[in-house]
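Coordinates in review
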Amino acid sequence: MIGRAGDMKLLKEAFNAAIAKSRLRAVTITGAAGLGKSRLLYEFRKAVSSEDAMFLEGRCLSYSRSVAYHPVIDILKSNFD
């Protein structure tokens, strides 16, 4: 997590804003392969694990470029069978 303090801060600010306003919030994490996106998300979720929140996670994969709304489909499949 070296050098990711700013990214973690942005995620926590978005999370706190969503909690304060009782609203949904979508955050997109993008970057090259191997940059640490999954680790950043893992560490963030661990940091807020005591909060009452639901996380819905979808992934964009290179082979799914031609599938419209693939991340949304991924979220629905993984969370609602």
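This report concerns the structure included in the present document. Treat the numbers as computed from the prediction; the structure is a model and nothing was measured.

Summing up its helical and strand segments, the protein chain has three helices and zero strands in all. Each helix and strand of the protein chain, ordered N terminal to C terminal, gives the series α-α-α. Principal-axis analysis of the C-alpha atoms places the extent of the protein chain at approximately 35 × 30 × 20 Å. The buried share among the 81 residues of the protein chain stands at 16%. Pairs at least 24 apart in sequence give 39% of the contacts found in the protein chain among residues at least 6 apart. Total accessible area on the protein chain stands at roughly 6,700 Å², and carbon and sulfur atoms take up 55% of it.

Counting residues in each nonpolar core, the largest one holds six residues, listed as Met8, Leu11, Phe15, Leu40, Phe44 and Val48. Elements represented by at least two residues in this core include exactly α1 (5-21) and α2 (37-47). Top element by residues in this core is α1. It accounts for three residues. Ignoring anything within four residues of it in the chain, the contact list for Leu11 reads Val27, Ile29, Leu40 and Phe44.

This next bit is on the pattern of salt bridges. Overall, the coordinates contain four salt bridges when judged by the stated rule. A salt bridge links Arg4 to Asp7, with the shortest nitrogen-to-oxygen separation between them at 2.7 Å. A residue is classified by how much of its surface remains accessible, and Asp7, at 30% relative accessible area, is partly exposed. The residue Glu13 makes a salt bridge to Lys9 at a minimum N-O spacing of 3.9 Å. Placement of the pair is Glu13 and Lys9 together in helix α1, with a separation of four residues, close to one helical turn. Relative accessible area serves as the criterion here: at 42%, Glu13 is assigned to the partly exposed category. Under the relative-accessibility criterion, Lys9 is labelled exposed at 52%.

Scoring rules and cut-offs
- Residues numbered from 1 in each chain as written.
- Predicted model: local features only at pLDDT ≥ 70, side-chain atom pairs only at ≥ 80, totals over all residues.
- Heavy atoms only, no water.
- Helix = DSSP H or I, 4+ residues; strand = E, 2+ residues; numbered from the N terminus.
- Buried < 20%, exposed > 50% of the residue type's maximum accessible area, 1.4 Å probe, protein only.
- Contact = heavy atoms within 4.5 Å.
- Areas by Shrake-Rupley, 256 points an atom, 1.4 Å probe, with all protein chains shown as cover.
- Core = buried A, V, L, I, M, F, W, Y, C linked by side-chain atoms within 4.5 Å.
- Salt bridge = Lys/Arg side-chain N within 4 Å of Asp/Glu carboxyl O.

Keep in mind that these numbers describe shape and distance, not what the molecule does.
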